[in-house]
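Residue-level structure breakdown
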Amino acid sequence: GIEAKQIADRTGLPLDLLKVDVDNCDCCFVEEVLRKLSQEEQPRLIHVEVHALVPPPIIFRPRRFDARLGNTLRELKKSRGAWGHMVHCSLAAFLEILQPRGYELL
């Protein structure tokens, strides 16, 4: 995939919006992208999916990206043990990552 820094470098424009929907530890992905970007290269807005069943103030995040997990809808089938349902990060987990970087919840 193309990294955010590569997009900004190719276009010469700042990254206004980073939308993340990888259905597999999205907060891990966001954290890694932000770690690679300088303060000036940080996107102005970040749009993410959160785990709707884990309310604030509970901080939940998968330990890491799970390469074994394919299509999360397929993994949620009863025959597969429904193990794909805990791949999303909680809202509080995203806030823990993003607030120290100056981001606010909109």
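Here is what the cut-offs are and how they apply
Residues numbered from 1 in each chain as written. Predicted model: local features only at pLDDT ≥ 70, side-chain atom pairs only at ≥ 80, totals over all residues. Heavy atoms only, no water. pLDDT = per-residue confidence, 0-100. Helix = DSSP H or I, 4+ residues; strand = E, 2+ residues; numbered from the N terminus. Disulfide = S-S within 2.5 Å. Salt bridge = Lys/Arg side-chain N within 4 Å of Asp/Glu carboxyl O. Buried < 20%, exposed > 50% of the residue type's maximum accessible area, 1.4 Å probe, protein only. Lys, Arg positive; Asp, Glu negative; His and termini not counted. Polar contact = N/O pair within 3.5 Å; in protein donor to acceptor, adjacent residues only side chain to side chain. Core = buried A, V, L, I, M, F, W, Y, C linked by side-chain atoms within 4.5 Å. Axes fitted to C-alpha atoms, helices over the stretch in contact; angles between N-to-C directions. Parallel < 35°, antiparallel > 145°, perpendicular 65-115°, else oblique. Contact = heavy atoms within 4.5 Å. Nonpolar A, V, L, I, M, F, W, Y, C, P; charged D, E, K, R; others polar.

Let us now look at the confidence of the model for the protein chain. Here the protein chain shows a mean pLDDT of 79. Residues at 70 or above account for 66%. Taken element by element, the protein chain is modelled with least confidence in helix 3 (residues 72–75), mean pLDDT 50, and with most confidence in helix 4 (residues 91–98), mean pLDDT 96.

A few words on the state of the cysteines. Each disulfide is one covalent bond, formed between the sulfur atoms of two cysteines. As enumerated under the stated definition, the model contains two disulfides in all. Across the disulfide, Cys-25 is cross-linked to Cys-28 (sulfur-sulfur distance 1.8 Å). Every disulfide takes its handedness from the sign of the S-S torsion; for Cys-25 and Cys-28 that torsion is 50°, giving right-handed. Cysteines bonded in the protein chain are numbered consecutively along the chain; their disulfide partners then correspond to 1-3, 2-4.

The final tally for this structure, using the stated rule, is four salt bridges. Residue Asp-16 is joined to Arg-44 by a salt bridge in which the shortest nitrogen-to-oxygen separation is 3.6 Å. Of the two residues, Asp-16 sits in the loop between helix 1 (4–11) and strand 1 (17–20) while Arg-44 sits in the loop between helix 2 (26–36) and strand 2 (45–48), which places them 28 residues apart along the sequence. By relative accessible area, Asp-16 is classed as partly exposed at 40%. Salt-bridge contacts for Glu-31 lead to Arg-61; the nearest nitrogen and oxygen are separated by 3.0 Å. Of this pair, Glu-31 sits in helix 2 while Arg-61 is found in the loop between strand 2 and helix 3, placing the two residues 30 residues apart along the sequence.

Its place among the elements puts Asp-26 in helix 2. At 7.8 Å, Lys-19 is the nearest oppositely charged side chain to Asp-26, a buried residue that forms no salt bridge. Reaching out from Asp-26, the side chain makes a polar contact with the backbone nitrogen of Asn-24 at a distance of 3.3 Å.

In this structure, Cys-25, Cys-27, Val-30, Leu-34, Cys-89, Phe-94 and Leu-98 are the most contacted members of the largest nonpolar core, which totals 15 residues. Top element by residues in this core is helix 2. It accounts for five residues.

This part takes up the packing of helix 2 against helix 4. Interaxial distance between helix 2 and helix 4 falls to 10 Å at its minimum, and their mutual angle equals 10°. Taken together, helix 2 and helix 4 sit at an angle that is classed as roughly parallel. Here Asp-26, Cys-27, Val-30, Glu-31 and Leu-34 of helix 2 come into contact with helix 4, specifically with Phe-94, Ile-97 and Leu-98. Residue composition of the contact of helix 2 with helix 4, grouped by class: six nonpolar, no polar and two charged.

Of the consecutive residues Pro-56 and Pro-57, the connecting peptide bond is found in the cis state with omega at 10°. Checked against the element boundaries, Pro-57 lands in the loop between strand 2 and helix 3. Positive phi values are uncommon outside glycine, yet Cys-25 reaches one of about 55°. Residue position: Cys-25 is located in the loop between strand 1 and helix 2. Under the relative-accessibility criterion, Cys-25 is labelled buried at 1%.

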